[in-house]
Amino acid sequence: MKHLILAINPGSTSTKIAVFDQMQQVFVKNIKHSTEQLSVFPTIADQYEFRKSTIMEELQTANVNLDDIAIVMGRGGLVKPLTSGVYKVNELMKKHLKQGYNGQHACNLGGLIADSIATSIGLECAFIADPVVVDEFEEVARIAGHPKFERLSIFHALNQKAIARMYAADNGKKYEDLNLVVAHMGGGVSVGAHKEGRVIDVNQALDGEGPFSPERSGTLPINQLIDVCFSGQYSYDEVKKMVVGQGGYVAYFGINDAYAIEKAALEGDKKADLLEEAMAYQVAKQIGEAAVVLKGKIDAIILTGGIAYGVPVVNRIKKYVSWIAPVAVYPGEDEMKAMAMNANMVLNKETEVKEYK
């Protein structure tokens, strides 16, 4: 009897796969891809066959019986904006994933590879859940201040939604009955205002809006940024990297290791101490913004993502925001578990699968 869940999560330099029996992880593998391996492919889409064959080889090596797989979940990619939930991978979605409808990223391969594997083992289709382009904004949140610009909803939707549901279950409540502020803190930082099951506002973390992070500069002083853009000293790509990839801790210290900065701060490094305080300060300000959006009616503030493992930075944030609402900490970013959670909701008929249109 088919009962297993296969989850596939392509990242920039790795592909993570996991097999679950309900919520019990029975196999996991993080497949690393070297720069040399990936450099032969002109585009991310061209990596499709390479990544798929690597996954199939790993499953075979691990003696995973593909006939036991009941559902295949792929990491959601940069498709068109949509509401939260589980979606079938259909022809239109595959077209948009191949095109990079909202941008090119390795996560676009998740749904494509998942669907190919699903159909090859006799399943009707594969699924994705809560891609980064989940958009549940209220109209007022879209206004940027100039008609040529619009605020976009692109954030760590999969982890934020899963952690919010986990917090609700841990407290005997339904996610849809709560108002929460969820701060995901990893390579990028996104802080979402969750109003009764919908993320009605969030900073656009993909492009570095909001607090700075280990790799992103966050919201920069706009006139200074304009001056840099037209200084003639930097190319378009160099400015983009300055904002995302080579900003934040990378720009100040040359590394993106938040733990190393934390350790240096604890050992008396004044610059590290100041920068860690500054990041906590900016995250706290973003939490305050979300609190205003929810009009102060907040059941809890949740800190999650890899940086939430750091007790010092968590305590720094708490000292700023604990007066607003109780602070809960769910460290880490378990996207595989989040995908399994959504798959189980489908298998147990606890959610209605949506059609991508």
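Before reading further, recall that the structure is shown in the block above.
The text that follows walks through the structure, step by step, so that each part is easy to find.

Reading the values: rules and limits
- Residues numbered from 1 in each chain as written.
- Predicted model: local features only at pLDDT ≥ 70, side-chain atom pairs only at ≥ 80, totals over all residues.
- Heavy atoms only, no water.
- Pairing = 2+ DSSP bridges.
- Helix = DSSP H or I, 4+ residues; strand = E, 2+ residues; numbered from the N terminus.
- Axes fitted to C-alpha atoms, helices over the stretch in contact; angles between N-to-C directions.
- Parallel < 35°, antiparallel > 145°, perpendicular 65-115°, else oblique.
- Left-handed = near helix turned anticlockwise from the far one by under 90°.
- Contact = heavy atoms within 4.5 Å.
- Nonpolar A, V, L, I, M, F, W, Y, C, P; charged D, E, K, R; others polar.
- 1 Å grid on protein atoms, 1.4 Å probe; cavity = no way out; pocket = protein on both sides within 12 Å on 5 of 7 lines; lining within 4 Å.
- Points joined across faces, edges and corners; volume = space filled by probe spheres on them.

Attention now moves to the sheet that holds strand β5 (residues 86-88). Here we have six strands laid out as an open sheet, ordered β3-β2-β1-β4-β6-β5, and mixed in their pairing. At either end of the open sheet lies a strand with only one pairing partner, and these are β3 (24-32) and β5. Pairs of neighbouring strands in the sheet enclose a mean axial angle of 25°, with direction left out of account. Here β5 runs beside strand β6 (residues 127-129); their pairing, made up of three bridges, is antiparallel. Residue pairing in the sheet places Val86 in a bridge with Ala129 of β6.

Between helix α2 (residues 48-61) and helix α4 (residues 108-120), the least distance of the axes is 10 Å, while the angle of their chain directions is 55°. Here α2 lies oblique to α4, going by the angle between them. Our pair here, α2 against α4, has a crossing hand that is right-handed. Across from Tyr48, Arg51, Lys52, Ile55 and Met56 in α2, the residues of α4 making contact are Leu109, Leu112, Ile113, Ser116 and Ile117. Taken together, the residues of the contact of α2 with α4 break down into seven nonpolar, one polar and two charged.

Bringing the sheet that holds strand β7 (residues 179-185) into the picture now. The mixed open sheet is built from five strands, whose spatial order is β9-β8-β7-β10-β11. Of all strands in the sheet, those bounded by a partner on one side alone are β9 (198-202) and β11 (327-331). In this sheet, neighbouring strand axes are inclined to one another by 25° on average, regardless of whether the strands run parallel or antiparallel. Both β7 and strand β8 (residues 189-195) contribute to a ladder of seven bridges, which runs antiparallel. By the bridge assignment, His184 is partnered in β8 with Ser190.

Let's shift gears to the layout of surface pockets. Considered as a void within the structure, the second largest pocket measures approximately 320 Å³ in volume. Of all the secondary-structure elements, those providing two or more residues to the lining of the second largest pocket are α6 (222-229), α8 (248-253) and α10 (270-293). Looking at the lining of the second largest pocket residue by residue, the class counts come to ten nonpolar, seven polar and no charged.

In this structure, Glu277 sits in helix α10. Separated by 40 residues in the primary sequence, Glu277 and Ile317 have C-alpha atoms spaced 8.5 Å apart.

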